[in-house]
Amino acid sequence: MSQFTRRALPALGLGLAAPAIASAQSFPTRNLSIVVPFAAGGPTDTVARLVAQGMTANLGQNVIVENVAGAGGTLGAQRTAQARPDGYSLLIHHIGMSTIPTLYRRLAYDPINGFETIGLITEVPMTIVARRDFPANNLQELIEVVRRDRERINLANAGIGAASHLCGLLFQSALNVPLTTVPYRGTAPAMADLMGGRVDILCDQTTNTTQQISANQIRAYAVTTRERVSALGDLPTAAEAGLPGFEVSVWHGMYAPRGTPAPVVERLSQALQAALREASLVERFAALGTAPVAQERATPAAHREFWQADVARWRPVIQAAGQFAD
């Protein structure tokens, strides 16, 4: 390599870096897209649309939610992982980001290293519920009935990898009682059959059960968090109701494709944090039985650390259950 060439390389590197820095400083200059890897109207979609409204106001550009449902949330995740890493293609996904690496043996993208974390959004409590006429008045009675009549009782979920599937796995593990599971193609049909009395038990997010519980359309036994949920103040925690240690919440986080410039990631995180401080979002979240996470958790580094720990937490649970998806 000539002396001229060696001297020219640093200058060439600076020249290439300048446009990237400039674009990060002016970001964004056009509409952004948030992929939700589930159907419209579901819990994750609801969270994403509220966040998108707040980020639109902060970024000065429209943030559009796009539903790319299918394959337990992996289709939408794959689309984002393979998108151009410029900050305009984002993903909002739930706790499935922690379980997909173990649940799915073959994926067309890297489920962990294929993303930059933007920040955590919320942790949604789960509820243990049953059809309205289920013969148990409280959680202790529910446990007794399940253990006694396990062969005749079924447990609904919204499909492998869904929040209700994961909560159901923990419920069976906590009771050491395997139940017949009935997977559905989404939360809505699972809830419809529970209200119709065609399935017995469901463990799902407050964002999907609060309205039905309040309307007395289903029977509720407990929330799966350490503290009670304000929107369901009369509903005890699992620990209070006699199932200590049964704690699970469905968190939602935001991601960008791997390689998105750090200044752009930081700008997106700032916009997310601003959206989570909006009074209207806090109010809407409260009505759904949840709340935004603390600001220090809505950062790229904090979410990455939390996510990695959750992957490690769920791996042995899934492996012990032996329920994998192809």
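Look up: the structure comes first, before these words.
Residue indices follow the written sequence of each chain, beginning from 1 at its first position. Two thresholds apply to this predicted model, a pLDDT of at least 70 for residue-level local features and 80 or more for giving and counting side-chain atom pairs, whereas whole-chain, interface and lining totals are computed over all residues. Excluded from the side-chain calculation are hydrogens and water; included are all heavy atoms of the structure.

## Regarding the overall build of the chain
Logical step 1: Helix and strand definitions follow DSSP, with helices as H or I runs of at least four residues and strands as E runs of at least two, each counted in order from the N terminus. A count of helical and extended segments in the chain gives 11 helices and nine strands.
Logical step 2: For 326 residues, the compact-globule formula gives about 20 Å, and the C-alpha radius of gyration of the chain, at 22 Å, lands near that figure.
Logical step 3: Taken along the three principal axes of its C-alpha coordinates, the chain extends 85 × 40 × 30 Å.
Logical step 4: Counting across all 326 residues of the chain, residues that qualify as buried make up 52%.
Logical step 5: When checking whether two residues touch, look at their non-hydrogen atoms; a contact exists if any pair is within 4.5 Å. A sequence separation of at least 24 residues applies to 79% of the contacts in the chain between residues at least 6 apart.
Logical step 6: Per-residue and other accessible areas were derived by the Shrake-Rupley procedure at a 1.4 Å probe size, with only the shown protein chains allowed to occlude residues. Taken as a whole, the chain presents about 14,600 Å² of accessible surface, with 50% of it coming from carbon and sulfur. Radius of gyration here is computed from C-alpha atoms only, and the compact-globule reference equals 2.2 Å multiplied by the residue count raised to the power 0.38. Partly exposed residues are those whose accessible area sits between 20% and 50% of the maximum for their type, while under 20% is buried and over 50% is exposed, using a 1.4 Å probe and protein chains only.

## Remarks on the packing of helix H2 (residues 43-59) against helix H9 (residues 262-277)
Packed helix pairs are characterised by how far apart their axes lie and by the angle those axes make with each other.
Logical step 1: Angular values range over 0 to 180 degrees, each being the angle between N-to-C directions of two axes fitted as lines to C-alpha atoms, with helices fitted over their stretch in contact. Where H2 contacts H9, the axes come no closer than 8 Å and their chain directions differ by 120°. The element H2 and its partner H9 pack so that their crossing is right-handed. Residue-level inspection shows Val51, Gly54, Met55, Asn58 and Leu59 of H2 in contact with H9, the latter providing Arg267, Leu268, Ala271, Leu272, Ala274, Ala275 and Leu276.
Logical step 2: Partitioned by chemical class, the residues of the contact of H2 with H9 number nine nonpolar, two polar and one charged. Crossing handedness: left-handed means the near helix sits turned counterclockwise from the far one by under a right angle, and right-handed means the same turn made clockwise. Residues were grouped as follows: Ala, Val, Leu, Ile, Met, Phe, Trp, Tyr, Cys and Pro as nonpolar; Asp, Glu, Lys and Arg as charged; and all remaining residues, including Gly, as polar.

## As for unusual backbone geometry
Logical step 1: The residue after phenylalanine 27, namely proline 28, is reached through a cis peptide bond having omega -5°.
Logical step 2: One can find proline 28 in the loop between helix H1 (3-26) and strand S1 (32-36).
Logical step 3: Even without glycine at this site, alanine 71 takes up a positive phi of about 55°.
Logical step 4: Here alanine 71 shows up in the loop between strand S2 (63-67) and helix H3 (74-81).
Logical step 5: With relative accessibility at 41%, the residue alanine 71 sits in the partly exposed group.

## With respect to the pairing of strand S9 (residues 249-257)
Logical step 1: Most of S9 is tucked away, with nine of its nine residues classed as buried.
Logical step 2: Paired strands are those between which DSSP finds at least two bridges. The pairing of strand S3 (residues 89-93) with S9 spans three bridges and is antiparallel. Looking across to S9, one finds that leucine 91 is bridged to tyrosine 255.
Logical step 3: Where strand S4 (residues 115-131) meets S9, nine bridges bridge the pair, whose relative direction is antiparallel. Bridge assignment links leucine 120 to a residue of S9, and that residue is glycine 253.

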